[in-house]
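Spelled out from the first residue to the last, the chains are:
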Amino acid sequence: MAFNILVCAKQVPDTNVIKINPKTGTLIRDGVPSILNNDDANALEEALKIKDEFGNVIVTVVSMGPPQAQDMLRECLAMGADEGILISDRAVGGSDTQATSNALVATIKKAEKEMGKAFDLVFAGRQAIDGDTAQVGPQIAEKLDLPQVTYVEKCNLNAEMNELTVKRNLEDGYEIIKVKTPCMLTAIKELNTPRYMSIGGIFSAEDKPMYIWSAADVEVDLATVGLEASPTNVFRSFTPAPKGKGEMIEGDSAKEVVGKLLVGLKAKHII
Ligand SMILES: Cc1cc2nc3c(=O)[nH]c(=O)nc-3n(C[C@H](O)[C@H](O)[C@H](O)COP(=O)(O)OP(=O)(O)OC[C@H]3O[C@@H](n4cnc5c(N)ncnc54)[C@H](O)[C@@H]3O)c2cc1C
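Residues numbered from 1 in each chain as written. Predicted model: local features only at pLDDT ≥ 70, side-chain atom pairs only at ≥ 80, totals over all residues. Heavy atoms only, no water.

Draft legend 1. Molecular detail of a nonpolar patch on the surface. Judged by side-chain polarity, Met197, Ile199, Ile202 and Phe203 come together as a nonpolar surface patch covering roughly 430 Å² of accessible area. Mapped onto the secondary structure, Phe203 falls in helix H5 (residues 199–205). Among the residues examined, Phe203 registers a relative accessible area of 62% and is labelled exposed. (Patch = residues over 30% accessible without salt bridge, like charges linked within 9 Å, V, L, I, M, F, W, Y side chains within 5 Å. Areas by Shrake-Rupley, 256 points an atom, 1.4 Å probe, with all protein chains shown as cover. Salt bridge = Lys/Arg side-chain N within 4 Å of Asp/Glu carboxyl O. Helix = DSSP H or I, 4+ residues; strand = E, 2+ residues; numbered from the N terminus. Buried < 20%, exposed > 50% of the residue type's maximum accessible area, 1.4 Å probe, protein only.)

Here you go:
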């Protein structure tokens, strides 16, 4: 039996140039250069490392997004993933994290049914650089009833492939956690350095399976996806005001300068 890994990968804008529809408050992705989300590249790399180590591993990459997200999925295939799945449908557009995870969970369940396999490990990035919420991974785990470990910076699968030992990054230290498969992990950049696509990989990516599914294909309840079904709505989007100019503190001695600095910090209630 093969060990099946699913990697959730999101196509995100490459730069800070994100256009926003002023009427709906939603992101306009058309025309903005897009890449594979950074943390997702780490999740994919770890899946590929497991495949390199154990051999009998199938890596599937799933994404929800517009049709052009296929290009990002092809990149994942060129890096070494075995198959790609894209759920793409107007009905899922404008989803918040809750609706996004609903659509992805329906897609994952459909994939398991269609392909006649269960995913032993579901991998996501810690967070996407555009939405930046870090919610989708844990929501998927919750809805699939899988144990989850977030902020994974080291990961070892045991030889029987039924348990992982992972190092979880914390603000002031780390945790070492043992988790049984099937489980869900979210990757951070410290986990590894993602590989580049190889020339052979780029050629073979064209021949690998790519499934493009609609909301109807994955049999998702339409009342749980898209803008209308999202419990949160972007009310307003705006660019934060630039910070004021810096202030040089002058004085005849270091003591005087530090004194003035302390007075200024106290006045602003910083200390
Ligand atoms: C209040 C609110 C309202 C929103 N409304 C809209 C809207 O109207 N229109 C709109 O376009 N967007 C909207 N968004 C953005 C949308 O929620 C996110 O694009 C999406 O839900 C993923 O959330 P995130 O980017 O924060 O991902 P995170 O939770 O930070 O992502 C964590 C990981 O989950 C996985 N993941 C996340 N998204 C996907 C995906 N699409 N496919 C595959 N894997 C994925 C990746 O592995 C990723 O690294 C809204 C967000 C919020 C918070």
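From this point on, the discussion continues.
Draft legend 2. Spatial organisation of the environment of Leu146. Among the secondary structure elements, Leu146 is positioned in the loop between helix H4 (136–144) and strand S9 (148–157). Sequence separation of Leu146 and Lys180 is 34 residues, and the distance between their C-alpha atoms is 9.6 Å. Contacts of Leu146, omitting those with residues within four sequence positions, involve Val122, Ala141, Pro182, Cys183 and Met184. (Contact = heavy atoms within 4.5 Å.)

Draft legend 3. Local environment of the packing of helix H3 (residues 97–115) against H4. Relative orientation of the contacting elements H3 and H4 amounts to 50 degrees, with a least axis distance of 9 Å. Classified by the interaxial angle, the pair formed by H3 and H4 is oblique. Handedness of the crossing formed by H3 with H4: right-handed. Residues Thr97, Gln98, Thr100, Ser101, Asn102, Leu104, Val105, Ile108 and Lys109 of H3 touch H4, and the partners they reach there are Val136, Gln139, Ile140, Lys143 and Leu144. Residue classes in the contact of H3 with H4 are distributed as 6 nonpolar, 6 polar and 2 charged. (Axes fitted to C-alpha atoms, helices over the stretch in contact; angles between N-to-C directions. Parallel < 35°, antiparallel > 145°, perpendicular 65-115°, else oblique. Left-handed = near helix turned anticlockwise from the far one by under 90°. Nonpolar A, V, L, I, M, F, W, Y, C, P; charged D, E, K, R; others polar.)

Draft legend 4. Structural detail: unusual backbone geometry. Omega for the bond connecting Thr181 with Pro182 falls within 30 degrees of zero, at 0 degrees, which places this linkage in the cis form. On the secondary structure map, Pro182 appears in the loop between strand S11 (173–180) and strand S12 (183–187). At Tyr151, a position not held by glycine, the phi torsion is positive, near 55 degrees. For Tyr151, the location among the structural elements is in strand S9. The backbone of His269 sits at a positive phi, close to 60 degrees, despite the residue not being glycine. Within the fold, His269 resides in the segment after helix H7 (254–267).

Draft legend 5. Inspection of the nonpolar core at higher detail. Residues Val7, Leu44, Leu121, Leu164 and Leu185 are the most contacted members of the largest nonpolar core, which totals 39 residues. The set of elements that each furnish at least two residues to this core consists of strand S1 (3–8), helix H1 (38–54), strand S6 (57–64), helix H2 (69–79), strand S8 (121–125), S9, strand S10 (163–170) and S12. Tallying contributions element by element places H2 first for this core, with 7 residues. When neighbours within four sequence positions are excluded, Leu44 is seen to be in contact with Val7, Val59, Val61, Cys76, Met79 and Ala81. Val62, Ile85, Ala124 and Met184 belong to the second largest nonpolar core, which has 26 residues in total. (Core = buried A, V, L, I, M, F, W, Y, C linked by side-chain atoms within 4.5 Å.)

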